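Each chain, letter by letter, is given below.
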Amino acid sequence: MKQYNVAVVGATGLVGRKMIQVLEERKFPVAKLRLLASAKSAGTTIVFNGQPVDVNKLTKNSFKGIDIALFSAGGAISKEFAPHAVKAGALVIDNSSAWRMEPDVPLVVPEVNPQDIFKNKGIIANPNCSTIQMVVVLKPLHDKWKIKRVVVSTYQGITGAGKKAVDQLEGELAKKTNVEKKFPHQIAYNVLPQIDVFVDGGYTKEEIKMVNETKKIMGDDSIEVTATCARVPVKGGHSESVNVEFEKQFKIEDVFDLLRKVPGVTLLDDVAKSIYPMPIWSQEKDDVFVGRIRRDETIANGLNLWIVSDNLRKGAATNAVQIAEEWIKQVKNQSA
Ligand code: L14
């Protein structure tokens, strides 16, 4: 089997470390692993397949000989360094929001639009965590009953905001004084209706990402999406209340039957036993969990769902590695 030289940019961050873990777990065909980070984090070592690997400082010359570069070091680093990686001949899979809406950059969830991988010109974008878990469930429903409109509210865990966010929650819960604030307010015992920065019209950037990215990944601009994104004092895992309006009529049993069979989705819906998706059950799992499935009786073809997934895994690291796996398959089939 062909092996690939893989770079991870932002290797010491929560997503970067998870990427390294997922590469190992899934036995990704890694020839050499090159770990890259800011000068501040360089010098650390991270164990991969039982071997310590040094973390080096990221420079524009870091990508010589690299086949695949996984980026998760924020939008500014991606904007600056992804073009250098592409020039060196690497495929970039970028977890930031920097390239997602560029027309030349495929935005991919392998269960939904693997065919878009082919259109890449060197960069493939990994979508926003909240969007990934939603479209994995919505795509098979859309194919069958055509979605007109989605109203989503998120309850997002803190790990998406990085190590400082974890320190803030733990510090506040431990009643430490002078806890450094990653969020604009206390997060312990609180809910913040703000993820990312506010943009025009009173929405946050996270809410706008959910609208635009859903249309792009599903390949259908006619799907209307409106979102409210909130931060909850949960460590890992994003939860979503999703209300869907279909064009066609559906039977509720058919929704259950369909979602039971979708790859990457686990149905957890046994309300008599209080079984439904929860973030604590999603942690360290790669699937997207769906439950609380019920008809919205206030409109003609309406459905309510509750969707949960581990934001560092399917929402970030796992999806990125799955894109790389799918890319390898497609390149191989092309040359065969
Ligand atoms: O668009 O939980 O990738 O703050 C990364 C940070 C999504 C939100 C992205 C968070 C964002 C996430």
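From a predicted model like this one, the values you see are computed outputs, not experimental measurements. (Residues numbered from 1 in each chain as written. Predicted model: local features only at pLDDT ≥ 70, side-chain atom pairs only at ≥ 80, totals over all residues. Heavy atoms only, no water.)

Trainee: What exactly am I supposed to notice about the sheet that holds strand β7 (residues 123–125) here?
Mentor: Spatial ordering of the open sheet is given by β3-β4-β2-β1-β5-β6-β7, a layout of seven strands whose pairing is mixed. Whereas interior strands pair on both sides, the edge strands pair on one side only; in this sheet they are β3 (45–48) and β7. Going across the sheet, the axis of each strand differs from the next one's by a mean of 25 degrees, ignoring polarity. Sheet analysis places strand β1 (residues 4–9) next to strand β5 (residues 68–71), joined by four bridges and oriented parallel. Residue pairing across strands places Val-9 opposite Phe-71, the latter belonging to β5. (Pairing = 2+ DSSP bridges. Helix = DSSP H or I, 4+ residues; strand = E, 2+ residues; numbered from the N terminus. Axes fitted to C-alpha atoms, helices over the stretch in contact; angles between N-to-C directions.)

Trainee: Help me out: how do you make sense of the site of the ligand in this one?
Mentor: Taken together, Asn-95, Arg-100, Asn-128, Cys-129, Gln-156, Gly-160, Ala-161, Ile-195, Glu-206, Lys-209 and Arg-231 make up the full set of residues adjacent to the ligand. In this structure, an oxygen atom belonging to the ligand sits 3.3 Å away from a side-chain N or O atom of Asn-128. Its free accessible area being 320 Å², the ligand has 80% of it covered by the protein chains. Residue composition of the shell around the ligand, by class: three nonpolar, four polar and four charged. (Near = heavy atom within 4 Å. Polar contact = N/O pair within 3.5 Å; in protein donor to acceptor, adjacent residues only side chain to side chain. Areas by Shrake-Rupley, 256 points an atom, 1.4 Å probe, with all protein chains shown as cover. Nonpolar A, V, L, I, M, F, W, Y, C, P; charged D, E, K, R; others polar.)

Trainee: Explain helix α3 (residues 129–145) here, please?
Mentor: In an α-helix, one full turn covers 3.6 residues, which means residues spaced three or four apart are oriented alike. Between its first and last C-alpha, α3 extends 25 Å over 17 residues, near the 24 Å set by a 1.5 Å rise per residue. Along α3, the largest kink reaches about 35 degrees and is centred on Leu-138; proline Pro-140 follows within four residues of it. By the criterion of burial, α3 is predominantly enclosed, with 15 of the 17 residues buried. The backbone nitrogen of Ser-130 lies 3.1 Å from a side-chain oxygen of the residue at the head of α3, namely Asn-128. Among the residues trailing α3, Lys-146 stands out with phi positive, at a value near 55 degrees. (Expected span 1.5 Å × (residues − 1). Bend = angle between axes of the 7 residues up to and from the residue. Buried < 20%, exposed > 50% of the residue type's maximum accessible area, 1.4 Å probe, protein only.)

Trainee: Would you mind showing me how to read the nonpolar core here?
Mentor: The nonpolar side chains of a soluble globular protein tend to be buried, and buried together. Core analysis: the biggest nonpolar cluster contains 58 residues, and Leu-138, Leu-141, Leu-259 and Leu-305 have the highest contact counts within it. Examining the composition of this core, we find that eight residues originate from one element, α3, more than from any other. Contact partners of Leu-138, with chain neighbours within four places excluded, come to Ile-147, Val-150, Met-218, Val-242, Val-244 and Leu-305. In this structure, Ala-11, Ile-117, Ile-124 and Trp-327 belong to the second largest nonpolar core, which totals 34 residues. (Core = buried A, V, L, I, M, F, W, Y, C linked by side-chain atoms within 4.5 Å. Contact = heavy atoms within 4.5 Å.)

Trainee: Help me understand the sheet that holds strand β11 (residues 265–267) in this model?
Mentor: Backbone hydrogen bonds hold the strands of a sheet together, and the pairing may be parallel or antiparallel. Strand order in this open sheet of six strands is β9-β8-β10-β13-β12-β11, and the pairing throughout is mixed. A strand with exactly one partner marks an edge of an open sheet, and here the two such strands are β9 (224–231) and β11. Ignoring strand direction, the axes of neighbouring strands in this sheet form an average angle of 25 degrees. Looking at chain direction, strand β12 (residues 288–296) and strand β13 (residues 302–309) are connected through seven bridges and run antiparallel. Among the inter-strand pairings, Phe-289 is bridged to a residue of β13, identified as Val-308.

Trainee: What's the story with the pattern of salt bridges in this structure? I'm lost.
Mentor: Pairing is possible between side chains of opposite charge, provided their charged atoms come close. Evaluated as defined, the whole model comprises 19 salt bridges. Here Glu-245 ties to Lys-148 by a salt bridge, and the two come within 3.6 Å at their closest N and O atoms. Of this pair, Glu-245 sits in strand β10 (residues 238–246) while Lys-148 sits in strand β8 (residues 147–156); the two residues are 97 residues apart in sequence, bridging distant segments of the chain. On the basis of relative accessibility, which here comes to 37%, the residue Lys-148 falls in the partly exposed class. (Salt bridge = Lys/Arg side-chain N within 4 Å of Asp/Glu carboxyl O.)

Trainee: Honestly, the packing of aromatic side chains in this entry has me stumped. Any pointers?
Mentor: Two measures describe an aromatic ring pair: the distance that separates the ring centres and the angle between the ring planes. Inspection of the entire model under this criterion finds six aromatic pairs. Ring centres 5.4 Å apart and planes at 70 degrees place the aromatic pair Phe-246 and Phe-250 in the edge-to-face group. Take Phe-246: its relative accessible area is 1%, and that puts it in the buried class. Looking at Phe-250, the relative accessible area reads 6%, which means it is buried. A network of ring pairs unites the aromatic residues Trp-145, Phe-246 and Phe-250 as a single cluster. Lying over the aromatic face of Trp-99, Lys-79 brings its terminal NZ or CZ to 4.2 Å of the ring centre. Sitting above the plane of the Phe-250 ring, Arg-295 keeps its charged end 4.2 Å from the centroid. (Phe/Tyr/Trp six-rings, centres within 6.5 Å; stacked < 30°, edge-to-face > 60°. Lys NZ or Arg CZ within 6 Å of the ring centre and 35° of its normal.)

Trainee: Teacher, can you tell me more about the side chain of Lys-209 here?
Mentor: Mapped onto the fold, Lys-209 is located in helix α5 (residues 205–218). Assessed through its relative accessible area of 13%, Lys-209 is described here as buried. In contact with Lys-209, other than residues within four places in its own chain, are Ser-97, Arg-100, Asn-128, Thr-131, Asp-196 and Thr-214.

Trainee: How should the packing of α3 against α5 be read in this particular structure?
Mentor: Taken N-terminus to C-terminus, the directions of α3 and α5 make an angle of 40 degrees; their axes are 10 Å apart at the nearest point. Accordingly, the angle class assigned to the pair α3 and α5 is oblique. Every pair of crossing elements has a handedness; the one defined by α3 and α5 is right-handed. Here Cys-129, Ser-130, Thr-131, Met-134, Val-135, Leu-138, Lys-139 and His-142 of α3 come into contact with α5, specifically with Glu-206, Lys-209, Met-210, Glu-213, Thr-214, Ile-217 and Met-218. Considering only residue class, the contact of α3 with α5 consists of seven nonpolar, four polar and four charged. (Parallel < 35°, antiparallel > 145°, perpendicular 65-115°, else oblique. Left-handed = near helix turned anticlockwise from the far one by under 90°.)

Without other data, these values stay purely geometric and don't point to any function.
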